[in-house]
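The lines below spell out each chain.
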Amino acid sequence: MRGIIWDGKRLFTTDRLEVRAPGRGEVKVRVLASGICHSDLNMMDAGLIGTPVVLGHEAAGVVAELGEGVSGLALGDAVMVGTQTPCGHCRECERDEPANCDETWGFVPGQPFRLDGEPVYSFANVSSFAGEIVVKASQLYKTGDIPPQQAALIGCAVSTGFCAAQNLGRVRAGDRVAVIGVGGIGVNAIQGARLSGASVLAVDLNPAKEEVARSFGADRFVLSARGQSSQGLAAAMQAEATAADGLPIDVIVECSGAPVAIEAAIHAVKRGGRVVLVGMTSPGASVPLGLDAVLSGREIVSVMNGGARPEVDYPRLIELARSRQIDLGSQVSQVWPLEQFEDAINALRAGAVTRAVLDHTA
Ligand SMILES: NC(=O)c1ccc[n+]([C@@H]2O[C@H](COP(=O)([O-])OP(=O)(O)OC[C@H]3O[C@@H](n4cnc5c(N)ncnc54)[C@H](O)[C@@H]3O)[C@@H](O)[C@H]2O)c1
Ligand SMILES: [Zn+2]
Ligand SMILES: [Zn+2]
């Protein structure tokens, strides 16, 4: 089958990738579409993962083979793939804290693939840049008639951004929320905050993102600048927030991963406010932590995938998408055939897309 391999130096497509058969409780999925997340690019840029590896962690497809003991799914079912696979029996899982289980986020990668007989690693429990993948049945949620190119985004961009606002940010009606970084994750943080009844101030250093942010429900926008200090950005956000109605910023969802933006968020949020960190920084990055600001009462929270609880949140997001209370279609800026992954990645790096999607059937 076809897939994209990262060998630590370059990305290339191959038609010689193979995946093992599904074991007990597992399912083989034929991938129809996958989104490219900035985290896939970070993995290559940081060089932190075992190689060769199949990247990608946002997928939709159809059930192609059922392992033993799988119920509730049938061949041909249209599904989205989630990333979380808590093991269920480690200390953390038994304490009902599955987010702390190493298996939840794929920190213990398997090697389900082979290329010319040699093992190839999986990534984030998904590896969606492959024609077929083997995942746990518990990662799959039926998506019905949602087009696969849209359904693919639910597994990361949609769930991470939306749940970062609603689950971790605990946004309430009447809150003012700031979302920094209007990419695939940020637009979903905006949608989550809006559905909770908040007004949203969006921040990005790309001026083209103002229109994007407003189209997903932001009502104010701050253009940040390269080289701007964290204090300067925080002051600009506070000024914009108070300009209209004098309200402070209750919650900030940081979706850019820029250390300066993270530091600005801690300064800009109100006393008693909450900063949700979603954006991934480069390895070893740090920011000075102004303890005056934090100790006078500010919460800083972060859980991967926005603290999404798959069994509750994925079906809810699928339903919200079907009833058009969240907009999936406009997030898919452009769809490329799998072979043209380089163009898709370049578009994401250039900030030219909200989400770049790969079509595995083209
Ligand atoms: N925690 C998680 O579970 C999780 C999940 C998915 C993605 N992420 C991370 O979230 C971040 C966003 O991912 P994405 O796929 O939406 O990326 P993206 O490239 O689509 O969007 C990032 C946006 O941030 C903006 N930006 C960059 N630097 C900025 C700055 N200094 N100030 C303001 N805006 C800035 C960019 O212009 C862009 O619009 C990445 O760091 C990614 O690794 C984390
Ligand atoms: Zn992601
Ligand atoms: Zn566990």
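Preceding block: the structure.
On a predicted model such as this, the values are computed, not experimentally measured, just so you know.

So, how was this worked out
Residues numbered from 1 in each chain as written. Chains lettered and ligands numbered in written order. Predicted model: local features only at pLDDT ≥ 70, side-chain atom pairs only at ≥ 80, totals over all residues. Helix = DSSP H or I, 4+ residues; strand = E, 2+ residues; numbered from the N terminus. Rg over C-alpha atoms; globule rule 2.2 N^0.38 Å. Buried ≥ 20, exposed ≤ 12 C-beta atoms within 10 Å, placed from the backbone. Contact = placed C-beta atoms within 7 Å. Pairing = 2+ DSSP bridges. Axes fitted to C-alpha atoms, helices over the stretch in contact; angles between N-to-C directions. Arc of directions from axis to C-beta.

Enquirer: Account for the overall build of the protein, naming residues and giving values.
Expert: Assigned secondary structure in the protein consists of 11 helices and 18 strands. Against the 2.2 N^0.38 benchmark of 21 Å for 362 residues, the protein shows a C-alpha radius of gyration of 20 Å, consistent with a compact globule. For the C-alpha atoms alone, the extent of the protein along its principal axes is close to 60 × 40 × 40 Å. Sorting the 362 residues of the protein into buried and exposed places 51% on the buried side. The contacts in the protein between residues at least 6 apart in sequence include a share of 69% that link residues at least 24 apart.

Enquirer: Please provide a residue-by-residue account of the sheet that holds strand β16 (residues 299-301), values included.
Expert: Read from one edge of the open sheet, 6 strands run β13-β12-β11-β14-β15-β16, paired in parallel fashion. Each end of this open sheet is capped by a strand with a single partner; those strands are β13 (220-223) and β16. Ignoring which end each strand starts from, the neighbouring axes of this sheet average 15° apart. Sheet analysis places strand β12 (residues 199-204) next to β13, joined by 4 bridges and oriented parallel. Each residue of the ladder has a partner; that of D204, found in β13, is L223. Lying on the sheet, helix α8 (residues 259-268) is in contact with β11 (176-180), β14 (251-254), β15 (274-277) and β16; it crosses β14 at an angle near 175°.

Enquirer: Account for helix α11 (residues 341-349), naming residues and giving values.
Expert: Turning to α11, its buried residues number three or more, namely F341, A344 and L348. Taken end-on, α11 shows its buried residues confined to a sector of 60°, consistent with a single buried face. Residues of α11 that are buried make contact with β1 (3-6), β2 (11-14), β4 (26-36), α1 (38-46), β17 (332-337) and β18 (355-359).

Enquirer: Got a sec to walk through the pairing of β1? Specific residues and values, please.
Expert: Neither face of β1 is left uncovered, since the one carrying G3 and I5 and the one carrying I4 and W6 both have all their residues buried. Relative to β2, β1 runs antiparallel, the two being bridged by 4 bridges. Residue G3 lies in a different strand from β2, and its bridge partner there is T14. What sits between β1 and β2 in their antiparallel hairpin is a turn of 4 residues, with G8 showing a positive phi close to 100°.

Enquirer: For the sheet that holds strand β8 (residues 118-120), give the residues involved together with the corresponding values.
Expert: Backbone-to-backbone hydrogen bonds pair the strands of a sheet. The strands run either parallel or antiparallel. Reading across from one edge, β3-β7-β8 is the order of the 3 strands in this open sheet, with antiparallel pairing throughout. With partners counted over all chains shown, the strands left at the sheet margins are β3 (17-19) and β8, one partner each. With strand direction ignored, the average angle separating the axes of adjacent strands in the sheet is 35°.

Enquirer: Account for the environment of C156, with residues named and values stated.
Expert: Mapped onto the elements of the fold, C156 is located in the loop between α3 (148-151) and α4 (157-168). Along the backbone, C156 and H57 are 99 residues apart, and their C-alpha atoms lie at a distance of 7.2 Å. Among residues more than four places away in sequence, those in contact with C156 are G35, C37, H57, E58 and T83.

So yeah, pure geometry; function would need other evidence.
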